[in-house]
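Topology and contacts: notes
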Amino acid sequence: MELGQQLLTISAVLVGAAMTYVTNTLSERRRLRHELHTRWDDKKLDAYGDYIDRVRACVFLAVSLYEHREGILEAERSEQDLSTELAEAIRLRGRAFERIMLLGGDRVVEAGHEVNAIAQEIDWQATGRTTGTLAEWRQRHRTVFQRINAFHDSAREDLGVFGRVTGQQHPQRDLLLPPARQGRDDDTV
């Protein structure tokens, strides 16, 4: 074999080795980037779910406190216990929202701020910091669940999940609340 052919063969082997090295390096980088992206998506999903769980827990505790304070439904626990439990739930909701602020995109964070604003109105009416009618109380609940649905849509978009919660396939539903008590003409309870 001539020297030229040997050099050509060696060159081809070296080029092949270099191409294999570059291809493997790029594939490994792509794989690591995908793993990192997936890991952050998992953390976001956990944070989004935890936040909504905390919001809902606050709403349900606020309902118990409000119903007890207004004489709508007698609670098994004292008003003080319900107030303390609600205060702790509000604190945990705040901590959960901090994770949203750290991990969420702009639209998710803004949707979370809107959820927090109406959830706080519910908290205040339940604790007596603000007053309002039963109709206003119910409207606040409708609004908080509409804003939770908007948060879900923003979170789904941020995570790259297709579909919407508030689209045509998911019509708006009203709250499952008992009717206002009979004998009340101003619906204040």
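Residues numbered from 1 in each chain as written. Predicted model: local features only at pLDDT ≥ 70, side-chain atom pairs only at ≥ 80, totals over all residues. Heavy atoms only, no water.

Our next topic: the pattern of salt bridges. In this structure the tally under the stated criterion is eight salt bridges. The salt bridge partner of Arg91 is Glu88, with a shortest N-O separation of 2.7 Å. Of this pair, Arg91 and Glu88 both sit in helix α2 (residues 79-103), three residues apart, roughly one helical turn. Take Glu88: its relative accessible area is 35%, and that puts it in the partly exposed class. (Salt bridge = Lys/Arg side-chain N within 4 Å of Asp/Glu carboxyl O. Helix = DSSP H or I, 4+ residues; strand = E, 2+ residues; numbered from the N terminus. Buried < 20%, exposed > 50% of the residue type's maximum accessible area, 1.4 Å probe, protein only.)

The topology assignment puts Arg140 in helix α4 (residues 134-159). You can call Arg140 buried: its relative accessible area is 16%. Every residue in contact with Arg140, bar those within four places of it in the chain, is listed here: Ile118, Glu121, Ile122 and Gln125. (Contact = heavy atoms within 4.5 Å.)

This next bit is on the packing of α2 against helix α3 (residues 106-127). Here α2 crosses α3 at 170°, and the two axes come no closer than 11 Å. In terms of axis orientation, α2 runs roughly antiparallel to α3. Facing Leu86, Ile90, Arg93, Phe97, Ile100 and Met101 of α2, the residues of α3 in contact are Val108, Val109, Gly112, His113, Asn116, Ala119, Gln120, Asp123 and Thr127. Its residues assigned to classes, the contact of α2 with α3 comprises eight nonpolar, five polar and two charged. (Axes fitted to C-alpha atoms, helices over the stretch in contact; angles between N-to-C directions. Parallel < 35°, antiparallel > 145°, perpendicular 65-115°, else oblique. Nonpolar A, V, L, I, M, F, W, Y, C, P; charged D, E, K, R; others polar.)

This paragraph deals with the nonpolar core. Nonpolar side chains tend toward joint burial in soluble globular proteins. Tyr48, Tyr51, Ile100, Trp137, Val144 and Phe151 are the most contacted members of the largest nonpolar core, which has 34 residues in total. Counting only elements with at least two residues in this core, the list comes to α1 (3-69), α2, α3 and α4. Considering each element in turn, this core owes the most residues, 11 residues, to α1. The residues contacting Trp137, other than those within four sequence positions of it, are Ala62, Val63, Tyr66, Ile122, Gln125 and Ala126. (Core = buried A, V, L, I, M, F, W, Y, C linked by side-chain atoms within 4.5 Å.)

Tallied over the entire structure, the rule returns four aromatic pairs. Residues Tyr48 and Phe151 carry aromatic rings whose centres are separated by 5.8 Å and whose planes lie at 85° to one another, so their mutual orientation is edge-to-face. Of this pair, Tyr48 sits in helix α1 while Phe151 is found in helix α4, placing the two residues 103 residues apart along the sequence. Tyr48 sits in the buried class, given a relative accessible area of 4%. Taking the relative accessible area as the measure of exposure, Phe151 reaches 1% and is therefore buried. Ring geometry for Tyr51 against Phe151: centres 5.3 Å apart, planes inclined by 55°, an arrangement best described as tilted. (Phe/Tyr/Trp six-rings, centres within 6.5 Å; stacked < 30°, edge-to-face > 60°.)

Right, let's talk about the confidence of the model for the protein chain for a bit. Per-residue confidence for the protein chain gives a mean pLDDT of 85; residues scoring 70 or more make up 83%. Mean pLDDT across the elements of the protein chain bottoms out in α1 (85) and peaks in α3 (97). In the model, residues 182-186 has pLDDT below 50 throughout and makes one contact with residues more than four positions away in sequence or in other chains. (pLDDT = per-residue confidence, 0-100.)

The next point concerns α3. For α3, with 22 residues, the first-to-last C-alpha span of 31 Å sits near the 32 Å given by 1.5 Å per residue. Along α3, the positions that sit buried rather than exposed are Val108, Val109, Ala111, Gly112, Val115, Asn116, Ile118, Ala119, Ile122, Asp123, Gln125 and Ala126. Looking one or two residues past α3, Gly128 carries a phi angle of roughly 90°, positive in sign. (Expected span 1.5 Å × (residues − 1).)

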